[in-house]
Structure formats: C-alpha cells, structure tokens
Amino acid sequence: MISEVLLSTVRMATPLIFLALAELYSQRAGLVHIGLEGLAAIGSLVGFLVSLITGSPMLGVVAGAAAGILTNMIFAYATITLCAEQIVYGMAINIFAPALAAFIYRVYFGAGSELVQVGLMSTLSQSLGIQSNNFIVQLFLDQTPMVYLAYILVIVTVIYFNRTKSGLNYKAVGEYPKAAATLGINVIGVKYVASILCGALAGMGGAYLTTCYANTYVDGNVAGRGFIALAAVIFGRWTGGGVLLACLFFGFCDALQIRLQVGSFGIPYQFFQMIPYVATVIVLALLGMKKAGPKGVGKAYLPEER
C-alpha cells in the first residue's frame, strides 16, 4: 500500500507543481493570481480536444499552454496596463474560463453526448518496453515526460531566481518595482513575461489532467487544484524548493484519500475526499503569513508615480 501511495503521490503532485510554479512566477513579478483554476480548466479542455483531433497528447499539452497564455492576457492587460484590481480579475478568470471550456465542449460534442476518451501519453517504461514490479524502476521510469518536465522546471526555477542576474532583476520587480525601474529594468515588460509564463504553466497543468492523468474531459476536473497550488506557494515560502515539497505533501494527501476510498472502511467516501482540502486549511492556519511574500505583490504599478 505504501509503495502505491508514493507512486501515486508523484503523479498527483505533477499538476500542482505546474500550477504552483505558475503562481510563483506571477507573484515574484508582483502579480497575485487567484485565477489558476480557470487557466487550468481552459488548458484542460483545449489539451483534450487537440489530443483527440491530432492523436498526439504532446501537441495537446502545447495547445493547452497556448490557451492558458491567451486567456491570461486578459488578466495581464487589465491588471498591468489598466492597473485594475488583481484579485477581482483573478476571480473573473475563474468564472469566465471554466464556463468557456464547458461551452466549447458542448458545442463541439453536443449536449448530452457520450463520454469521449483519448489515448494517454506513454510513460518512459512503455516507450522503452520495460516491465517491472520493482518500486525504484516504477518510480523513475513509469512516468510520462510531463512528470520529468515538472521536476526539471523546479530545478531551473531555483537556479534562475538564485543564481542569475536576470532572476534577481525579476524578483526585484516583485519587491520594489520603482527601485527596479531606476536601475533600468523594464518593469512592465517583466510583468507581461510573468503573465505569459503563468498562463503557459497553468495551461500545461490543466492539459496534464486530460492527456496524462485521465483520458477524458469532464466539467470540474481541475477540482480545486488551482487554490491548493496557491496555498503551496505560501506553504513553500515563495521558493522553488519549498513549492516542490509543498506540492508533494498535497499530492500525498490526494493519493492517500483515493487509497482510503478503495479501502472503504465503512466510511462515506466524501469524508476521504475532504483530506487534501482540510490539509490545505490546516497548513495555512499553522504557518500563517510569518514570512510574507514579495512586498510589491498585489499592488498596481504606476510608472508616473514617485
């Protein structure tokens, strides 16, 4: 049972890693984005449709990323160019994008259509023709390329923010944008780049759900992962390594609740489904905001102000 839960943890944590990294890049540039749920929803639907039409799950992931970017440009233009309230437009994305995804699905397949399924992305062991019940082999080889990509992106993020001049400039925009501007950093440009990265990563996280995790699309398949990822950024203290550990913790809670549902134990399954969300609330209550995020996060940047 333990080995199965650990293997499931890696898979369950993967979409959370993409979504949490999306929020991390956004907040490090001073943009608090609570619309991850919506971005993941549209990425999930577009990834599913492209995978169905082309027969390529990888193209589906790329299309999901593109859909996330296009949708997030609404948020970017409103909050960066027009200096609108970020929380309000984040909620607008959460309302608009899932509704748009549901509408497109019904237009394409028709109301009341049967459940449509697509082929999932192959794991490395399947590509190599390797079959083994060994836990280590399964842990490292029985994964899709998206899993490897998620963990590689964590390493790249840690190096970028801590070991590169560009990464330090990026963080400066989220901390003190006016001071960053005096050093010649294009604050508006960095914020738009952050929005592109956020949209792409969130869209990929959503596309993972329909190309690597489940072989179909249903309304609500993101199931609150966007909000859990937001909590993971706070739990991880706005660092790449911390975000990874937080996502693995929440992924473990998700894997555990599925395993407990299978065991039944005579307890209603809804009780076990609560575990990841209860864990999120408990973690945030215990940790609180002892170490706040970037000082400029959530604040509109007005270049003409001094």
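Since we're looking at a predicted model, the values are computed, not measured. (Residues numbered from 1 in each chain as written. Predicted model: local features only at pLDDT ≥ 70, side-chain atom pairs only at ≥ 80, totals over all residues. Heavy atoms only, no water.)

The next point concerns the overall build of the protein chain. Scanning the protein chain from terminus to terminus reveals 14 helices and 0 strands. Written out in order from the N terminus, the α and β elements of the protein chain read α-α-α-α-α-α-α-α-α-α-α-α-α-α. Scaling as 2.2 N^0.38, a compact globule of 306 residues should have a C-alpha radius of gyration of about 19 Å, and the protein chain matches this with 20 Å. Taking the principal axes of its C-alpha atoms as reference, the protein chain extends roughly 60 × 40 × 40 Å. By the burial criterion, 48% of the 306 residues in the protein chain qualify as buried. Residue pairs in contact within the protein chain that sit at least 24 positions apart in sequence constitute 77% of those at least 6 positions apart. (Helix = DSSP H or I, 4+ residues; strand = E, 2+ residues; numbered from the N terminus. Rg over C-alpha atoms; globule rule 2.2 N^0.38 Å. Buried < 20%, exposed > 50% of the residue type's maximum accessible area, 1.4 Å probe, protein only. Contact = heavy atoms within 4.5 Å.)

Before going further, it helps to examine the packing of aromatic side chains. If you walk through the whole model with that rule in mind, you get 14 aromatic pairs. When the ring of Tyr-160 is compared with that of Phe-161, the centres are 5.4 Å apart and the planes differ by 50°; the resulting orientation is tilted. For Phe-161, a relative accessible area of 4% gives the class buried. (Phe/Tyr/Trp six-rings, centres within 6.5 Å; stacked < 30°, edge-to-face > 60°.)

Compared with an ideal rise of 1.5 Å per residue, which puts 19 residues at 27 Å, helix H7 (residues 145-163) spans 26 Å between its outermost C-alpha atoms and is within 8% of the ideal. Regarding H7, the residues found buried are Met-146, Val-147, Ala-150, Val-154, Thr-157 and Phe-161. The buried residues of H7 all sit within an arc of 110° when viewed along its axis, so they share a single face. In H7, the exposed positions that point more than 90 degrees away from the buried face belong to Ile-155 and Arg-163. (Expected span 1.5 Å × (residues − 1). Arc of directions from axis to C-beta.)

This paragraph deals with the nonpolar core. By size, the foremost hydrophobic cluster in this structure holds 69 residues, and its most contacted members are Phe-48 and Met-146. If you tally residues by element for this core, the top one is helix H10 (residues 187-213), at 12 residues. Once residues within four sequence positions are removed from consideration, Phe-48 is found in contact with Tyr-105, Phe-109, Val-116, Val-118, Thr-210, Asn-215, Thr-216 and Tyr-217. (Core = buried A, V, L, I, M, F, W, Y, C linked by side-chain atoms within 4.5 Å.)

What follows deals with a nonpolar patch on the surface. A cluster of nonpolar side chains, Ile-267, Phe-271, Met-274, Val-278, Ile-282 and Leu-286, forms an exposed patch at the surface whose accessible area comes to about 560 Å². Here the nonpolar patch takes 3 residues from helix H14 (residues 275-287), the largest share from any one element. (Patch = residues over 30% accessible without salt bridge, like charges linked within 9 Å, V, L, I, M, F, W, Y side chains within 5 Å. Areas by Shrake-Rupley, 256 points an atom, 1.4 Å probe, with all protein chains shown as cover. Salt bridge = Lys/Arg side-chain N within 4 Å of Asp/Glu carboxyl O.)

Here the focus is the pattern of salt bridges. On inspection of all chains with the given rule, the structure shows 5 salt bridges. Notably, a salt bridge pairs Glu-4 with Arg-259, separated by 2.8 Å at the nearest N-O pair. Here the residue Glu-4 occupies a position in helix H1 (residues 2-28), and Arg-259 occupies one in helix H12 (residues 240-263), the gap between them amounting to 255 residues. The exposure class assigned to Arg-259 is partly exposed, which follows from its relative accessible area of 30%.

With that out of the way, let us pick up the environment of Asn-72. Inspection of the secondary structure assignment puts Asn-72 in helix H3 (residues 57-81). Asn-72 gets classed as buried once you look at its relative accessible area, which sits at 0%. Asn-72 sits 21 residues away from Ile-93 along the chain, and the two C-alpha atoms are 7.9 Å apart. Here the side chain of Asn-72 touches Ser-195 through a polar contact of 2.7 Å, landing on its backbone oxygen. (Polar contact = N/O pair within 3.5 Å; in protein donor to acceptor, adjacent residues only side chain to side chain.)

It is at 7 Å that the axes of H1 and helix H8 (residues 165-175) come closest, and there the two elements cross at 70°. Between H1 and H8, the crossing angle belongs to the class labelled roughly perpendicular. Contacts between H1 and H8 pair Tyr-25, Ser-26 and Arg-28 from the former with Tyr-170, Lys-171, Val-173, Gly-174 and Glu-175 from the latter. (Axes fitted to C-alpha atoms, helices over the stretch in contact; angles between N-to-C directions. Parallel < 35°, antiparallel > 145°, perpendicular 65-115°, else oblique.)

Let us look at the side chain of Gln-86. Looking at the element boundaries, Gln-86 is found in helix H4 (residues 86-109). Under the relative-accessibility criterion, Gln-86 is labelled buried at 2%. One polar contact links the side chain of Gln-86 to the main-chain amide nitrogen of Val-32, over a distance of 2.8 Å. Once you skip the residues sitting within four places of it in the chain, Gln-86 turns out to touch Gly-30, Leu-31, Val-32, Phe-75, Thr-79, Gly-298, Lys-299 and Ala-300.

Here we come to the packing of H1 against H10. In the contact formed by H1 and H10, the axes pass within 7 Å of each other and the chain directions differ by 170°. Considered as vectors, H1 and H10 are oriented roughly antiparallel to each other. Where H1 abuts H10, its residues Arg-11, Met-12, Thr-14, Pro-15, Phe-18, Leu-19, Leu-21, Ala-22, Tyr-25 and Ser-26 lie against Ala-194, Leu-197, Cys-198, Leu-201, Ala-202, Met-204, Gly-205, Tyr-208, Leu-209 and Tyr-213. Residues that form the contact of H1 with H10 fall into these classes: 16 nonpolar, 3 polar and 1 charged. (Nonpolar A, V, L, I, M, F, W, Y, C, P; charged D, E, K, R; others polar.)

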